[in-house]
Amino acid sequence: EDQVTQSPEALRLQEGESSSLNCSYTVSGLRGLFWYRQDPGKGPEFLFTLYSAGEEKEKERLKATLTKKESFLHITAPKPEDSATYLCAVHPSNYQLIWGAGTKLIIKP
Amino acid sequence: GAGVSQSPSNKVTEKGKDVELRCDPISGHTALYWYRQSLGQGLEFLIYFQGNSAPDKSGLPSDRFSAERTGGSVSTLTIQRTQQEDSAVYLCASSLYRGGTDTQYFGPGTRLTVL
């Protein structure tokens, strides 16, 4: 069964304290993996798409990496405005995305 | 340009009443999705429209749920005889081409509360 698991459920960091969020998956024929950011009361905002193992993408303080079993979202020297829920979704062989439950990231000043 | 818009932003209804939720996708996007997001849960796929093709309704949880897309643009999700378990945030997304690896752009959602 296709499945996506994100960990941890919640993560509290001090401003400037780097860390990583995990998205592990079991799907048939991965065609892509997406990272989104969701602020309270808003819809998910697209961050990255990764297509193959070994691929990396960066945006400001965020870097996403992909292996055959998991993806990491690394956050370097985070700021309070990076606080949000980060969602991971995978595109298996059919066309419907499978979503993880998200990691709630809180950055304390 | 304008993003995906949804209305209303909040809807409170009584159990047993019908509700309609509206989605205006990004202009030119041919694919449109409806999702449901419950607290602490991942997004649950409901229905997918692509151009003039028959919609994929495989995610609709019961026959109380239905959706239509008029003129390949605006979509309405209808929930009949609402139940308390229908309370959730309903999200709409659109993408430029057929779904999957095309980036989906989301609206702000409609928070539905069934009393």
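Residues numbered from 1 in each chain as written. Chains lettered and ligands numbered in written order. Predicted model: local features only at pLDDT ≥ 70, side-chain atom pairs only at ≥ 80, totals over all residues. Heavy atoms only, no water.

Our focus in this paragraph is the sheet that holds strand 3 (residues 19-26) of chain A. All names here are of chain A. One open sheet accounts for five strands, arranged 1-3-8-7-6; its pairing is antiparallel. The strands lining the two open edges of the sheet, one partner per strand, are strand 1 (3-7) and strand 6 (56-59). Ignoring which end each strand starts from, the neighbouring axes of this sheet average 15 degrees apart. Here six bridges tie strand 3 to strand 8 (residues 70-75), and the two strands are oriented antiparallel to one another. Within strand 8, the residue paired with Ser 19 across the bridge is Ile 75. (Pairing = 2+ DSSP bridges. Helix = DSSP H or I, 4+ residues; strand = E, 2+ residues; numbered from the N terminus. Axes fitted to C-alpha atoms, helices over the stretch in contact; angles between N-to-C directions.)

All right, on to the state of the cysteines then. All names here are of chain A. If you walk through the whole model with that rule in mind, you get two disulfides over all chains. Paired through a disulfide, Cys 23 and Cys 88 show a sulfur-sulfur distance of 1.9 Å. Where Cys 23 bonds to Cys 88 through sulfur, the torsion about that S-S bond is close to -60 degrees, and the disulfide is left-handed. Taken together, the residues span a long stretch of sequence, with Cys 23 in strand 3 and Cys 88 in strand 9 (residues 84-91) at a distance of 65 residues. Overall, Cys 88 belongs to the buried group, its relative accessible area being 0%. (Disulfide = S-S within 2.5 Å. Buried < 20%, exposed > 50% of the residue type's maximum accessible area, 1.4 Å probe, protein only.)

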